[in-house]
Amino acid sequence: LDEAGPSYRGHDVAGLARSASFEQVAELLWTDRLAAEPVTWVVPDADAVRHCANAIAGYGPGLDWINRLAVIATAVGIGHAGDDPATAARRILTMIPAVLVSQPDRDRAAKSAVAPSGDYAAQVAAVFAPDAGEALVGAIRRALVLLADHELATSTLAVRVAGSVRADPYAAIVAGLAVVSGPLHGAAGAAASLLFNDCIELGAADAVRRRLVARERLPGFGHMIYRNEDPRFTVLIEAVRRLPDPEGRLFVFDDLLAEAGRVVSRPPNIDLALAALAFVGGIDPKAPLFAIARIAGWAAHLAEELDERPVRFRGLARRSTG
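From a predicted model like this one, the values you see are computed outputs, not experimental measurements.

A. Up close: the environment of isoleucine 140. Tracing the chain through its elements places isoleucine 140 in helix H7 (residues 134–147). You can call isoleucine 140 buried: its relative accessible area is 0%. Isoleucine 140 sits 99 residues away from alanine 239 along the chain, and the two C-alpha atoms are 8.7 Å apart. Look past the residues within four positions of isoleucine 140 in its chain and what remains in contact with it is Ala121, Val124, Ala125, Leu277 and Leu289.

B. Seen up close, the environment of isoleucine 225. Within the element layout of this structure, isoleucine 225 appears in the loop between helix H11 (204–213) and helix H12 (231–240). Residue isoleucine 225 is classed as partly exposed on the basis of its relative accessible area of 36%. Setting aside residues no more than four positions away along its own chain, isoleucine 225 makes contact with Leu1, Glu3 and His150.

C. Layout of the pattern of salt bridges. If you walk through the whole model with that rule in mind, you get 18 salt bridges. Of the charged contacts, one joins glutamate 304 and arginine 160 as a salt bridge, the two residues approaching to 2.8 Å between their closest N and O atoms. Of this pair, glutamate 304 sits in helix H15 (residues 289–305) while arginine 160 is found in helix H8 (residues 154–164), placing the two residues 144 residues apart along the sequence. With relative accessibility at 33%, the residue glutamate 304 sits in the partly exposed group. Glutamate 305 is the partner of arginine 312 in a salt bridge, and the nearest nitrogen-oxygen pair spans 2.7 Å. We classify arginine 312 as partly exposed; its relative accessible area is 31%. Here the residues in one salt-bridge network are Arg9, Arg160, Glu304, Glu305 and Arg312, joined through shared partners.

D. The arrangement of a nonpolar patch on the surface in detail. A cluster of nonpolar side chains, Leu152, Leu157, Val161 and Phe313, forms an exposed patch at the surface whose accessible area comes to about 300 Å². On the secondary structure map, valine 161 appears in helix H8. Taking relative accessible area as the criterion, valine 161 reaches 34% and is therefore assigned partly exposed.

E. Here's a closer look at the packing of aromatic side chains. Across all of its chains, the model carries eight aromatic pairs by this definition. When the centroid spacing of 5.6 Å and the interplanar angle of 65° are considered together, the rings of tryptophan 41 and tyrosine 120 count as edge-to-face. Of this pair, tryptophan 41 sits in the loop between helix H2 (22–31) and helix H3 (46–57) while tyrosine 120 sits in helix H6 (residues 120–128), and the two are 79 residues apart along the sequence. As far as the burial class goes, tryptophan 41 and tyrosine 120 line up, both buried. Members of the aromatic cluster, connected to one another through ring pairs, are Phe22, Trp30, Trp41 and Tyr120. Sitting above the plane of the tryptophan 65 ring, arginine 68 keeps its charged end 6.0 Å from the centroid.

Cut-off values and rules
- Residues numbered from 1 in each chain as written.
- Predicted model: local features only at pLDDT ≥ 70, side-chain atom pairs only at ≥ 80, totals over all residues.
- Heavy atoms only, no water.
- Helix = DSSP H or I, 4+ residues; strand = E, 2+ residues; numbered from the N terminus.
- Buried < 20%, exposed > 50% of the residue type's maximum accessible area, 1.4 Å probe, protein only.
- Contact = heavy atoms within 4.5 Å.
- Salt bridge = Lys/Arg side-chain N within 4 Å of Asp/Glu carboxyl O.
- Patch = residues over 30% accessible without salt bridge, like charges linked within 9 Å, V, L, I, M, F, W, Y side chains within 5 Å.
- Areas by Shrake-Rupley, 256 points an atom, 1.4 Å probe, with all protein chains shown as cover.
- Phe/Tyr/Trp six-rings, centres within 6.5 Å; stacked < 30°, edge-to-face > 60°.
- Lys NZ or Arg CZ within 6 Å of the ring centre and 35° of its normal.

All quantities given are derived from atomic positions and should not be read as evidence of function.
What follows is the structure in structure tokens.
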């Protein structure tokens, strides 16, 4: 990482987001090779899809998106404990849209197991926006690429810790999902989405002022790595601005940017861009695009961790002298 943004195996992530598919980028992370030709992953068989769908349905309607991903990862891992990290990630990633698209109400098991078609971004779009046009699919594709890895984020560190004690890849990925569910990590985009709702109800100035008066951090602004604007924000917003916008939601977004720019010094980050994608694109603001994308990076880190000495993460407690 540097101020220009992340790079994956020496490839600038902005360039990848504008030109490569998520599958190509995932394979780059896992193999250190960027395929020039399209990459196609094997679609899971119908019985496996039904097994995962039934596992989710068994928990009832209260299961949120991240926990659905955790159930899928756990169910897929049964019988595949010997998989290497890349194989485990491929199995989980291909299963996610196949299972979730078969549950239109997100609460009942699949009666049929017809996997969505198209590249991976199109398959994911079919889950959260069944009528998605190419512009929205393209924006989701960019989001998946931009979010696939970000060095040693807390969820990635959790995956490496699990790998250091030689947990199987499926369990290690579930560890990452547990951490990414936190509102200060992968769920931060949902908080930024609430800010957009307030902008519609109150106007941007009052929505921002209300949070500042309450001494709350303005969601979607500032980043501990980037002192200036998060470079991933710019690349994703390019795609968001191409989305159909019959309700004029981009005007709300621009009002928020202008108002925040006047009163806070922290620039916008990828969480705001992800929230804008959901807001303008009309998809569930809690859709776990962040977590789905990051599975690719977690598998790459896990493979590297398995080449390190085991149990290398161990904290030491010290008695306080204060």
